[in-house]
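Breakdown of the fold
What follows is the residue order along each chain.
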Amino acid sequence: MYDYLIVGAGLFGSVFAYEAKKRGKKCLVIDKRAHIGGNVYTEKIEGINVHKYGAHIFHTNNKEIWDYVNQFADFNRYTNSPIANFRGEIYNLPFNMNTFNTLWGTSTPDEAKAKIEQQKMAAGITEPTNLEEQAISLVGTDIYEKLIKGYTEKQWGRSAKELPTFIIKRLPVRFTYDNNYFNDRFQGIPIGGYTAIFEKMLDEIDVKLNIDFFKQREKLERLANKVVYTGMIDQYYDYKFGVLDYRSLHFETNVLDNTPNYQGNAVVNYTDKETPYTRIIEHKHFEFGTQEETVITKEFPSEWQPGDEPYYPINDNKNNEIFKKYKALADNESRVIFGGRLANYKYFDMHQVIGAALTKVEKEFSS
Ligand code: FDA
């Protein structure tokens, strides 16, 4: 008999399993995929660690979480500085003095601020009613047209005029020459890839892959006193209040022989509306690779249907109301601990998931 059946070998499930084992508990971890690591999984192709489910850059402001994750890996000094490609024009992201200089030739913060202010005034938007108006009222028309519109419309599969304002409450605008995407104190990529972190966390813990909890639910539940569930919350309750919507992605990965350097940066966003993908990831640059060949992945946003991989929750009013009903049931379960992005129907960065798992561990083992 196990103390915990952990559904999902992603970050939440693995941190929980590691901490439970440290406290002498016996865990069985299952995952319906053929590998551990969830969406953070990296696979070695031609000696390059490929981020199979999109670019993953670890960043946090929290020293405890940084120290925690550093028990399992050494991190390099990678700094996320994505590039935007708009019909062949190259811009630095996030929007900063370098971006403004390329766009307008401005060289001081005052010049750049004046330019943005002038465009905001000309647009005359006082109460934004959709994403387009919201973005223009925050950064003006040039940045919106070249760097936000096409990318966002591809990401969400509809016109920015039909998208709600809440998607972009704020936009990172920086009046310094600083291309570092994150403001956090700590940032990097684990040397040797993310999967090694999960191998260490799950060392000497029973892990069974290619097992879907719902295909043998009763049998699996009988194996343990408690369940830690990190899958989709609506599926756990058999969709009784309705299906929660997501946006999906698909990835196209190619090895390019005799190409040591394809795009000169790990992440290049394609911000026009004609290019069907939103970004190209060149994985070797996450770890300053010097191999003869390279591996690139194009990321295509797509509509989500039940059965597809759920990536981004659509946190509009309709879905949030449905989620609340499921959450009320989950809060009353005594034998099940819900955790991670799918059970909370919320986008979380990795450091947030580690923090949430450690909080649940604390609660579970202090009583
Ligand atoms: P995760 O989805 O990883 O794990 C859940 C596991 O449960 C999966 O392995 C799944 O197969 C399994 N499962 C589900 N249902 C099951 C069932 N019925 N039976 C058995 N197993 C089941 N964060 C960050 O900090 N920096 C970054 O750069 C990025 N980049 C990024 C890019 C993209 C494209 C996305 C979508 C996300 C990011 N993230 C990120 C976020 C990061 O991916 C996220 O924080 C973690 O993967 C969340 O870990 P979880 O354990 O919650 O879920």
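The model shown is predicted, which means the values in this text are computed figures rather than measured ones.

1. Description of the UniProt feature "domain: UDP-galactopyranose mutase C-terminal" (unreviewed entry) in the protein chain
Mapped onto this numbering, the UniProt entry annotates "domain: UDP-galactopyranose mutase C-terminal" (unreviewed entry) at residues 146-347. The span residues 146-347 carries 23% helix and 23% strand; its end-to-end C-alpha distance comes to 26 Å.

2. Things to note about helix α6 (residues 141-156)
At Ile 148, α6 shows its maximal kink, close to 45 degrees. Turning to α6, its buried residues number three or more, namely Ile 143, Tyr 144, Leu 147, Ile 148, Gly 150, Tyr 151, Thr 152, Glu 153, Lys 154, Gln 155 and Trp 156. Of the residues trailing α6, Gly 157 is marked for its positive phi of about 70 degrees.

3. Some details on the domain arrangement of the protein chain
What the domain assignment lists for the protein chain is domain 1 (2-75 + 185-245 + 314-366) and domain 2 (95-168). Each of domain 1 and domain 2 was reduced to a C-alpha centroid, and the two centroids are 36 Å apart.

4. Observations concerning the site of the ligand
Lining the immediate environment of the ligand, one finds 31 residues, of which Asp 31, His 56, Ile 57, Phe 348 and Met 350 sit closest. For the ligand, a nitrogen atom lies 3.1 Å from a polar atom in the backbone of Lys 32. Here an oxygen atom of the ligand and a backbone polar atom of Met 350 are 2.7 Å apart. When the ligand sits alone it has 1,000 Å² of accessible area, and the protein chains cover 97% of it. Sorting the residues of the shell around the ligand by element identifies α1 (11-22), α11 (340-344) and α12 (350-366) as the ones contributing at least two each. Partitioned by chemical class, the residues of the shell around the ligand number 17 nonpolar, eight polar and six charged.

5. Observations concerning the sheet that holds strand β9 (residues 206-208)
Two strands in a sheet stick together by hydrogen bonds in their backbones, pointing the same way (parallel) or opposite ways (antiparallel). Strands sit in the order β9-β2-β1-β10-β16 across an open sheet of five strands; the sheet is parallel. The outermost strands of the open sheet, each flanked by one partner alone, are β9 and β16 (336-338). Strand-to-strand twist across the sheet, computed as the mean angle between neighbouring axes with direction ignored, equals 20 degrees. Note: strand β1 (residues 2-7) against strand β2 (residues 27-30), four bridges, orientation parallel. Its bridge partner lying in β2, Leu 5 is registered against Leu 28. Across the sheet, α12 is in contact with β1, β10 (224-229) and β16; its angle to β16 comes to roughly 160 degrees.

6. Regarding the pairing of strand β6 (residues 83-86)
Side-chain alternation along β6 places Ile 83 and Asn 85 on one buried face and Ala 84 and Phe 86 on a second face that is also buried. Direction of pairing for β6 relative to strand β7 (residues 89-92): antiparallel, over a ladder of four bridges. Each residue of the ladder has a partner; that of Ile 83, found in β7, is Asn 92. In textbook terms, the turn of a hairpin is the stretch between consecutive antiparallel strands, and for β6 and β7 this stretch comprises two residues, one of which, Arg 87, has a positive phi near 45 degrees. Pairing of β6 with strand β12 (residues 267-270) involves three bridges; the strand directions are parallel. Along β12, the bridge assignment pairs Ile 83 with Val 268.

7. Some thoughts on the layout of surface pockets
Space inside the second largest pocket adds up to approximately 370 Å³. Every residue lining the second largest pocket is counted, 16 residues in all, and those nearest its centre are Val 336, Ile 337, Phe 338, Lys 360 and Lys 363. Looking at the lining of the second largest pocket, the elements with two or more residues in it are α10 (317-331), β16, α11 and α12. Looking at the lining of the second largest pocket element by element, the count peaks at four residues for α10. Partitioned by chemical class, the residues of the lining of the second largest pocket number seven nonpolar, two polar and seven charged.

8. Points about unusual backbone geometry
Between Leu 93 and Pro 94 the backbone carries a cis peptide bond, its omega angle lying at -10 degrees. The residue Glu 204 is not glycine, and still its phi comes out positive at about 60 degrees. You can see Glu 204 is positioned in the loop between α7 (195-201) and β9. Classification of Glu 204 as exposed rests on a relative accessible area of 67%. Unlike most non-glycine residues, Asp 238 shows phi in positive territory, near 55 degrees. Here Asp 238 shows up in the loop between α9 (233-236) and β11 (246-256).

9. Quick notes on the pattern of salt bridges
Scanning the model with the defined rule gives 18 salt bridges in all. We note a salt bridge from Arg 174 to Asp 178, for which the minimum N-O separation is 3.7 Å. Under the relative-accessibility criterion, Arg 174 is labelled buried at 13%. Owing to a relative accessible area of 31%, Asp 178 belongs among the partly exposed residues under this scheme.

Rules of the game
- Residues numbered from 1 in each chain as written.
- Predicted model: local features only at pLDDT ≥ 70, side-chain atom pairs only at ≥ 80, totals over all residues.
- Heavy atoms only, no water.
- UniProt positions renumbered as here; feature names shortened; annotations may be inferred.
- Helix = DSSP H or I, 4+ residues; strand = E, 2+ residues; numbered from the N terminus.
- Bend = angle between axes of the 7 residues up to and from the residue.
- Buried < 20%, exposed > 50% of the residue type's maximum accessible area, 1.4 Å probe, protein only.
- Domains from an automatic or database assignment.
- Near = heavy atom within 4 Å.
- Polar contact = N/O pair within 3.5 Å; in protein donor to acceptor, adjacent residues only side chain to side chain.
- Areas by Shrake-Rupley, 256 points an atom, 1.4 Å probe, with all protein chains shown as cover.
- Nonpolar A, V, L, I, M, F, W, Y, C, P; charged D, E, K, R; others polar.
- Pairing = 2+ DSSP bridges.
- Axes fitted to C-alpha atoms, helices over the stretch in contact; angles between N-to-C directions.
- Contact = heavy atoms within 4.5 Å.
- 1 Å grid on protein atoms, 1.4 Å probe; cavity = no way out; pocket = protein on both sides within 12 Å on 5 of 7 lines; lining within 4 Å.
- Points joined across faces, edges and corners; volume = space filled by probe spheres on them.
- Salt bridge = Lys/Arg side-chain N within 4 Å of Asp/Glu carboxyl O.

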